[in-house]
Amino acid sequence: PAAPRAASASDPKAVLKEVFGYDEFRGDQADIVAHVVAGGDAVVLMPTGGGKSITYQVPALVRPGTGLVISPLIALMHDQVDALRANGVRAAYLNSTQNAAERAGVEQDFLDGELDLLYVAPERLSAPATSALLQRGTLSVIAIDEAHCVSQWGHDFRPDYLALGDLSARFPGVPRMALTATATRATHQEITERLRLPDARHFVASFDRPNIQYRIEPKVDPRRQLLQFVRAQPAGSAGIVYALSRKSVEQTAEYLRTQGVDALPYHAGLDAAVRAHHQQRFLREDGVVMVATIAFGMGIDKPDVRFVAHIDLPKSVEGYYQETGRAGRDGDPAIAWMAYGLGDVVQQRRLIDQSPGERSYKMRLGQHLDAMLALCETVSCRRQNLLAYFGQSSEPCGNCDTCLDSPDTWDGLVPAQKLLSTIVRLQRERNQAFGAGHLVDILRGASTERIRQQGHDALATYGLGADLSDQDWRSVIRQLLARGVIVARGEYGVLAVGDEGAAVLRGESPVPLRRDVLGRGGGAPRVRK
Ligand code: ADP
Ligand code: ZN
């Protein structure tokens, strides 16, 4: 049975203290809460661990009625509701895991005004019965969690989210909030438009995690590199090592154990009891290294994780940011380390090719992968790159590998000019545009059917880039894309000259490129002078 609401429930700060036990709001929390309590809509972009929950839970307790929380994470609902009840909040959820009697009980509590917070999965919300139920009660606030799921460009797209756009019509006068930890400029705009929040105030927290040091290196001998990294950490450091496959999780944990590291495996294929035991040891003891698939970490609250290591390339920058974000939540120094290799890229491209789905969907997955690779291959500050991906500009950080030990570079001006001039010629002489694959074929002087058909072997730049391998060219192109020298357009990702392209064509802008990128194995580039 939940405790009765405190008498001081009209004061947000008192609710924060009495219900949640916190003395102060953090960051934008106080402003967001005040705005929503006053009835305003809000779009909240805050990194994982930033404290989004408080921003709708407190208004739900302060305003009359029940706060409706829409969340796709059904697996977490039970825990979230339990945690709230432990604080005396009258919380419940409606989802597909319940039987009819449980659902009926929750519905009655809602109608009786006995609920402060009601968590609902988006697919429930589109059911007419749920909609009718909600109309009969009083809502204090509607919070749409994981709001980026409305974006068709993201990797978490959920069709049910599109229907959430009509909530303002269905519940006029109820303040609405959209919350997410993954927001590029494009996603931010899509959230605002599709969830119909034209008058919302936008709260964009910094995505910077200054205490995390970013380090990314090419794979040479991944096990030894990982071991060296783990051994270099202070004794007793807790860490997470992320791997893509269950097999790799088990083998890596086993290897680390033979080397004297207290490593444990964690993946969905393990027995539930084993998983729970490993998780408990990780949470309670010092110095446990959890080797896990990305399923591990969601909803796990361990502030003193000192490092997160990736031994396989994440599928996207969003994924990388979320996973590395599990390090150093206590604010003390932490390290995000990764080793990546050509094998990762080949494997992921194959997975993308084999995945069911439309061409445009695969294109998007490919773009996510390219952005991740561009972060790996950047010669400038990793953090600057990462934050730019989330639409935030910043200065070089002084706390990443490229800032601390400047990478070995070569001058990519000439190849960049060859590529740009090919793009310009095709555009001017033939009014044509192509994606990276065909442009590289032209530059390398390949004799493909398409080249012969189009007569592209007659172009002045045909074969001019044969001194670089296909992989080298891909890497050059990713870097040029990341810097805005070229841009990819449309569904097919055809390349065009970007804002920074003119200066490169005139030879006025240097194009330093990393020497240690994929396919080179650290060797010197074979660039003709
Ligand atoms: P998010 O949903 O943004 O990932 P959470 O809402 O889960 O973040 O909050 C992350 C952690 O921060 C939780 O452990 C939460 O209890 C804590 N927290 C949130 N707000 C405050 C605050 N004002 N003071 C102290 N701790 C807070
Ligand atoms: Zn830096």
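Report follows, based on the coordinates. Predicted model, so just to flag it, every value in this text is computed and none were measured. The residue count restarts for each chain, going from 1 along the sequence in the order it is written. Chain labels run from A onward and ligand labels from 1 onward, assigned in the order the entries are written. This being a predicted model, a pLDDT of at least 70 is required before a residue's local features are given, and a value of 80 or more before pairs of side-chain atoms are given or counted; all residues contribute to the totals for chains, interfaces and linings.

1. So, the overall build of the chain
Then comes step 1: Tallying secondary structure elements over the chain gives 23 helices and 17 strands in all.
Then comes step 2: Only the C-alpha atoms count toward the radius of gyration. The rule for a globule is 2.2 Å times the residue count to the power 0.38. Whereas a compact globule of 529 residues would reach a radius of gyration of roughly 24 Å, the chain reaches 26 Å, a difference of no more than 12%.
Then comes step 3: In terms of overall dimensions, the chain has a C-alpha envelope of 80 × 55 × 40 Å along the principal axes.
Then comes step 4: Here the analysis covers contacts within the chain between residues at least 6 apart in sequence; of these, 72% occur between residues at least 24 apart. A helix here means a DSSP run of H or I that spans at least four residues, while a strand means a run of E at least two residues long, and both kinds are numbered starting from the N terminus. Residues are defined as contacting one another if the C-beta atoms placed from their backbone atoms lie within 7 Å.

2. Remarks on the site of ligand 1
Then comes step 1: Taken together, 14 residues sit near ligand 1, with Tyr22, Arg26, Gly51, Lys52 and Ser53 positioned nearest.
Then comes step 2: Here the element with the most residues in the shell around ligand 1 is helix α3 (residues 52–62); it accounts for three residues.
Then comes step 3: Three categories are distinguished: nonpolar for Ala, Val, Leu, Ile, Met, Phe, Trp, Tyr, Cys and Pro, charged for Asp, Glu, Lys and Arg, and polar for the others, with Gly belonging to the last. Of the residues in the shell around ligand 1, the class split is four nonpolar, six polar and four charged. For each residue, a C-beta atom is placed from the backbone, and the residue is labelled near a molecule or strand when this atom is within 6 Å of it.

3. Here's the deal with the sheet that holds strand β13 (residues 334–340)
Then comes step 1: Spatial ordering of the open sheet is given by β8-β13-β12-β9-β11-β10, a layout of six strands whose pairing is parallel. Each having just a single partner strand, β8 (212–218) and β10 (263–266) make up the two edges of the open sheet. The sheet shows a mean angle of 15° between the axes of neighbouring strands, direction not considered.
Then comes step 2: Where strand β12 (residues 305–310) lies against β13, four bridges are found, and the strand directions are parallel. Bridge pairing in β13 places Phe307 opposite Ile335. Whether two strands pair depends on DSSP finding at least two bridges between them. Under this scheme, a helix contributes an axis fitted over its contacting stretch, all axes are lines through C-alpha atoms, and angles between N-to-C directions fall in the 0 to 180 degree range.

4. As for the sheet that holds strand β7 (residues 201–204)
Then comes step 1: The seven strands are arranged β3-β4-β2-β5-β6-β1-β7 in an open sheet whose pairing can be described as parallel. Two strands close off the open sheet at either side, each with one partner strand: β3 (91–94) and β7. Strand-to-strand, the axes of this sheet are offset by a mean angle of 20°, without reference to chain direction.
Then comes step 2: Sheet analysis places strand β2 (residues 66–70) next to strand β5 (residues 139–144), joined by five bridges and oriented parallel. Considered in β5, the bridge of Leu68 is made with Ile142.
Then comes step 3: Against the sheet, helix α2 (residues 29–37) engages β1 (42–45), β5, β6 (176–180) and β7, with an angle of about 160° to β1.

5. Points about the packing of α2 against α3
Then comes step 1: Orientation of α2 relative to α3, taken along the N-to-C sense of each, is 40°, at an axis distance of 9 Å. Taken together, α2 and α3 sit at an angle that is classed as oblique. As α2 packs across α3, the resulting crossing turns out to be right-handed. Of the residues in α3, those touching α2 at Gln29, Ile32, Val33, Val36 and Val37 are Ile54, Thr55, Val58, Pro59 and Val62.
Then comes step 2: Residue composition of the contact of α2 with α3, by class: eight nonpolar, two polar and no charged. Roughly parallel means an angle under 35 degrees; roughly antiparallel means over 145; roughly perpendicular covers 65 to 115; every other angle is labelled oblique. Should the near helix be turned anticlockwise from the far one by less than a right angle, the crossing is termed left-handed; should it be turned clockwise, right-handed.

6. Considering the packing of helix α16 (residues 359–377) against helix α22 (residues 470–482)
Then comes step 1: For the pair α16 and α22, interaxial distance at closest approach is 9 Å and the crossing angle is 95°. Taken together, the axes of α16 and α22 lie roughly perpendicular to each other. Residues Asp370, Leu373, Ala374 and Glu377 of α16 pack against Ser475, Arg478, Gln479, Leu481 and Ala482 of α22.
Then comes step 2: Taken together, the residues that form the contact of α16 with α22 break down as four nonpolar, two polar and three charged.

7. Section: the nonpolar core
Then comes step 1: Within the largest apolar cluster, 81 residues are counted, with the highest numbers of intra-cluster contacts made by Val241, Met290, Val291, Ala309 and Leu439.
Then comes step 2: Sorting elements by how many residues they give to this core places β13 first, with seven residues.
Then comes step 3: Setting aside residues up to four positions removed in sequence, Leu439 forms contacts with Leu419, Thr422, Ile423, Phe434 and Leu495.
Then comes step 4: A set of buried residues qualifies as a nonpolar core if it consists of Ala, Val, Leu, Ile, Met, Phe, Trp, Tyr and Cys joined through C-beta atoms within 7 Å. Here exposure depends only on C-beta density: within 10 Å of a residue's C-beta, 20 or more other C-beta atoms make it buried, 12 or fewer make it exposed, and intermediate numbers make it partly exposed, the C-beta atoms being placed from the backbone. Val58, Ala121, Leu139 and Leu197 belong to the second-largest nonpolar core, a separate cluster that totals 58 residues.

8. Observations regarding the environment of Gly490
Then comes step 1: One can find Gly490 in the loop between β15 (486–489) and β16 (494–497).
Then comes step 2: For Gly490, a count of 11 C-beta atoms within 10 Å translates into the label exposed.
Then comes step 3: As a C-alpha pair, Gly490 and Glu114 span 376 residues in sequence and 51 Å in three-dimensional space.

9. Structural notes on the environment of Ala200
Then comes step 1: On the secondary structure map, Ala200 appears in the loop between α10 (185–194) and β7.
Then comes step 2: A count of 20 C-beta atoms within 10 Å places Ala200 in the buried class.
Then comes step 3: Taking the C-alpha atoms as reference points, Ala200 and Pro175, separated by 25 residues in sequence, lie 9.2 Å from one another.
Then comes step 4: Setting aside its immediate chain neighbours within four residues, Ala200 contacts Asp41, Ala42, Val43 and Thr192.

10. Structural notes on the pairing of β6
Then comes step 1: In terms of residue burial, β6 counts as a mostly covered element, since five of its five residues are buried.
Then comes step 2: The alternating pattern of β6 places Arg176, Ala178 and Thr180 on one face and Met177 and Leu179 on the opposite face, and all of these are buried.
Then comes step 3: Here four bridges tie β1 to β6, and the two strands are oriented parallel to one another. Bridge pairing links Val44 to Leu179 in β6.

Just distances and angles here, no functional claims.
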